[in-house]
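Next come the chains, spelled out residue by residue.
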Amino acid sequence: MGRGLAAAAVMGQLRSSARALLLTGAEPAMLLEDLDAVAELIPDAFCTTVFLAILDTESGEFFYSCAGHLPAVLAAPQSTPIQLDDARSVPLAVQRKASRPQSSVILPPGSTLLLYTDGLVERRDVTLDDGIARLSETVARGANLTVDAVADAALNEMAPPNGYDDDIAIVVYRRPYAPLKIDGVATAEQLRDIRHELAAWMQDAALPDERIADIVLRSTRRAPTASNTATGAARRRVRVAGDNDGARVHITITDDGSWKPKAADPGVRGRGLLLIRAVSDWLEMECTASGTTVDMSFNVSA
């Protein structure tokens, strides 16, 4: 609502009221109905705009209702970005004949959601539709960037020549892909299956084939290393866990057993970890008497 200290005071009261109403379990449309009554009691709250949503982080379902605010932008991988504008109505405390509408959408894995205030896209020499379209393209290009980088890109790309003259708030959310969990024995046959399962998991996330081959080669260098260097009854047990937020693939490989003493002259062997450490974007390793855990991260866009 507007700008400056007075506007901040109004927004603070409405935000506190909205938070209290959310704790009652109210859905977005009903909450906006109640917020109308609150706005009528707050001086200068007339015509405040609100985009209110509830996200189920497990299912990816996004429930929302919009009171005169600009539409959120949703960019799914390999798809044209869309504007979430199916549940629009008038700003708060403005007379209306119909109830507040509500809509929902499923955020696909790897998709990026951006909510923002009007100062990000409003310009005197550019239509509002053009500004939102340009912002949507910026979000879509950031599919393989972190959410922080998407926020920075939006602020940089949309900045006017003389800088922003309005305060801006943005919220960026990225729905992660389904995690990977593999628990097996480090035989040659099992290691082959681990490679195939790891590759299939990344193919579902639409990673480029070259990047998949790169990550599989680097990650599974650790599994045969575990089999060759670990000793003890449980030495061949290997567990692989993976997470992918669209920007980074994080792989954790854990094996049981202890390490053999390093040979004085390993010859051509014993260089797996050197290779992994050299080519990973991030690596951390923990060796204990009960086993070894290696954490690796790979930038998707590398």
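One can find the structure itself at the top, above this paragraph.
Residues numbered from 1 in each chain as written. Predicted model: local features only at pLDDT ≥ 70, side-chain atom pairs only at ≥ 80, totals over all residues. Heavy atoms only, no water.

Caption draft 1: Just helix H1 (residues 4-22), in detail. Between its terminal C-alpha atoms H1 stretches 27 Å, which fits the 27 Å expected from 19 residues at 1.5 Å a residue. Considered for burial, the residues of H1 that qualify are Ala 7, Val 10, Leu 14, Ser 17, Ala 18 and Leu 21. For H1, the angular spread of the buried residues around the axis is 105 degrees, confining them to a single face. Seen from the open side of H1, the exposed residues pointing more than 90 degrees away from its buried face are Leu 5, Arg 15 and Arg 19. On its buried face, H1 is in contact with helix H2 (28-40). (Helix = DSSP H or I, 4+ residues; strand = E, 2+ residues; numbered from the N terminus. Expected span 1.5 Å × (residues − 1). Buried < 20%, exposed > 50% of the residue type's maximum accessible area, 1.4 Å probe, protein only. Arc of directions from axis to C-beta. Contact = heavy atoms within 4.5 Å.)

Caption draft 2: Region of interest: the nonpolar core. Within the largest apolar cluster, 24 residues are counted, with the highest numbers of intra-cluster contacts made by Met 202, Leu 207, Val 249 and Ile 251. Those elements that provide at least two residues to this core are strand E9 (180-185), helix H5 (188-204), helix H6 (209-220), strand E11 (237-244), strand E12 (248-256) and strand E15 (291-299). No other element matches H5, which puts 6 residues into this core. In contact with Leu 207, not counting residues within four places along its chain, are Met 202, Ile 212, Ile 215, Asn 244, Val 249 and Val 300. Ala 18, Leu 21, Leu 31 and Ala 45 belong to the second-largest nonpolar core, a separate cluster that totals 16 residues. (Core = buried A, V, L, I, M, F, W, Y, C linked by side-chain atoms within 4.5 Å.)

Caption draft 3: View of the sheet that holds E12. If you trace the 5 strands from one edge of the open sheet to the other, you get E9-E11-E12-E15-E14, paired in antiparallel fashion. With partners counted over all chains shown, the strands left at the sheet margins are E9 and strand E14 (282-288), one partner each. Taking the axes of each pair of neighbouring strands and ignoring which way they run, one obtains an average angle of 10 degrees across the sheet. Sheet topology places E12 next to E15; 9 bridges connect them, and they run antiparallel. When the bridges of E15 are listed, Thr 252 appears paired with Asp 295. Seen against the sheet, H5 touches E9, E11 and E12 and runs at an angle of roughly 175 degrees to E9. Along the sheet, H6 contacts E12 and E15; its crossing angle with E15, the most-contacted strand, is approximately 160 degrees. (Pairing = 2+ DSSP bridges. Axes fitted to C-alpha atoms, helices over the stretch in contact; angles between N-to-C directions.)

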